[in-house]
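Take a look at the letters that make up each chain.
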Protein chains: 2
Amino acid sequence: MVLFRQRLGDALRSRRTELGLTLREVSGVARVSLGYISEVERGQKEASSELLSSLCDALEVPLSVVLRDVAHAVAVEEAALEPTPITVRTRPAEVVASAA
Amino acid sequence: MVLFRQRLGDALRSRRTELGLTLREVSGVARVSLGYISEVERGQKEASSELLSSLCDALEVPLSVVLRDVAHAVAVEEAALEPTPITVRTRPAEVVASAA
């Protein structure tokens, strides 16, 4: 199961480190507890919509851009989880039998 | 402030009505209470990541597609909220004064 909060956490942490900001700095600007932001970044806690908006403001990135990044990461994860048709040729039964 | 849960609710309801499904039907397939889904659709409750995945499965739409739709709707809302430069010409002071 693809979990939104995990890819959202990745996107938010990625943006924060891109700006060279510490959790403490973002916490101060967004007026959200450091522990909460840390848990959101690690995908352990759901971010409320209000917190998400505050974090985007503090990270100077539009929410729409974060969501696009998350949508992309989720699409990659979905593609990896899709059952792929088996294309590997199996060895003929007699070869398998003789190998036993 | 642009709230994620409101645009997410719109996207989920839009997909459900597109499929011609009732809240009760989605509730049955997703095994989530009808009241919860209804509140999520109206943007009144945050959907947990697990619920969101279940809803997407029930609505036969990848989470990534829902998130892309939400990102687009949020971008439109952000553009509408941006302060636009004033381009309307104001009437000269004397005309305004004579109109008083």
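Nothing here was measured: the structure is a model prediction, and the numbers come from that model.

**Focus: the interface of chain A and chain B**
Facing 23 residues of chain A, the contacting portion of chain B comprises 23 residues. When chain A packs against chain B, close to 1800 Å² is buried across both sides, 62% of that on carbon and sulfur atoms. When residues of chain A are sorted by the area they lose upon contact with chain B, F4(A), S49(A) and L67(A) head the list and together hold 27% of the total. Linking chain A with chain B are two salt bridges, by the criterion used here. Notably, a salt bridge pairs E50(A) with R5(B), separated by 2.7 Å at the nearest N-O pair. Between chain A and chain B we count twelve residue pairs in polar contact (both at pLDDT 80 or more) in total. Top contributing element to the side of chain A that touches chain B by residue count: helix α5 (residues 63–81) of chain A, with nine residues.

**Examining the packing of helix α2 (residues 23–30) of chain B against helix α3 (residues 34–41) of chain B**
Residues and elements named next belong to chain B. In the contact formed by α2 and α3, the axes pass within 9 Å of each other and the chain directions differ by 115°. Here α2 is positioned roughly perpendicular relative to α3, judged by the angle of their axes. When the axes of α2 and α3 are compared, the crossing they make is right-handed. When α2 is examined against α3, the residues L23, R24, V26 and S27 are found in contact with a partner set consisting of L34, I37, S38 and E41.

**A look at the nonpolar core**
The biggest cluster of nonpolar side chains holds 50 residues, and the ones touching the most others in it are F4(A) and F4(B). Among residues more than four places away in sequence, those in contact with F4(A) are L67(A), V70(A), F4(B), S49(B), L52(B), L63(B) and L67(B).

**Observations concerning the packing of aromatic side chains**
Scanning the entire structure with this criterion turns up one aromatic pair over all chains. Each ring, one from F4(A) and one from F4(B), has its centre 5.0 Å from the other, and the planes form 10°; the classification is stacked. A residue pair is termed interchain when its members come from two chains, as with F4(A) in helix α1 (residues 4–18) and F4(B) in helix α1 (residues 4–18). Accessibility classification places F4(A) together with F4(B) in one group, the buried group. One residue, K45(B), lies across the ring of Y36(B), its end atom 5.8 Å from the ring centre.

**A few points about unusual backbone geometry**
Notably, E60(A) is not glycine yet its phi reads approximately 50°, a positive angle. Among the structural elements, E60(A) can be located in the loop between α4 (49–58) and α5. The exposure class of E60(A) is exposed, given its relative accessible area of 64%. One non-glycine residue with positive phi stands out, namely R31(B), at about 55°. The class for R31(B) is exposed, based on a relative accessible area of 78%.

What counts, and at which threshold
Residues numbered from 1 in each chain as written. Chains lettered and ligands numbered in written order. Predicted model: local features only at pLDDT ≥ 70, side-chain atom pairs only at ≥ 80, totals over all residues. Heavy atoms only, no water. Contact = heavy atoms within 4.5 Å. Buried area = accessible area lost by both parts, 1.4 Å probe. Salt bridge = Lys/Arg side-chain N within 4 Å of Asp/Glu carboxyl O. Polar contact = N/O pair within 3.5 Å; in protein donor to acceptor, adjacent residues only side chain to side chain. Helix = DSSP H or I, 4+ residues; strand = E, 2+ residues; numbered from the N terminus. Axes fitted to C-alpha atoms, helices over the stretch in contact; angles between N-to-C directions. Parallel < 35°, antiparallel > 145°, perpendicular 65-115°, else oblique. Left-handed = near helix turned anticlockwise from the far one by under 90°. Core = buried A, V, L, I, M, F, W, Y, C linked by side-chain atoms within 4.5 Å. Buried < 20%, exposed > 50% of the residue type's maximum accessible area, 1.4 Å probe, protein only. Phe/Tyr/Trp six-rings, centres within 6.5 Å; stacked < 30°, edge-to-face > 60°. Lys NZ or Arg CZ within 6 Å of the ring centre and 35° of its normal.

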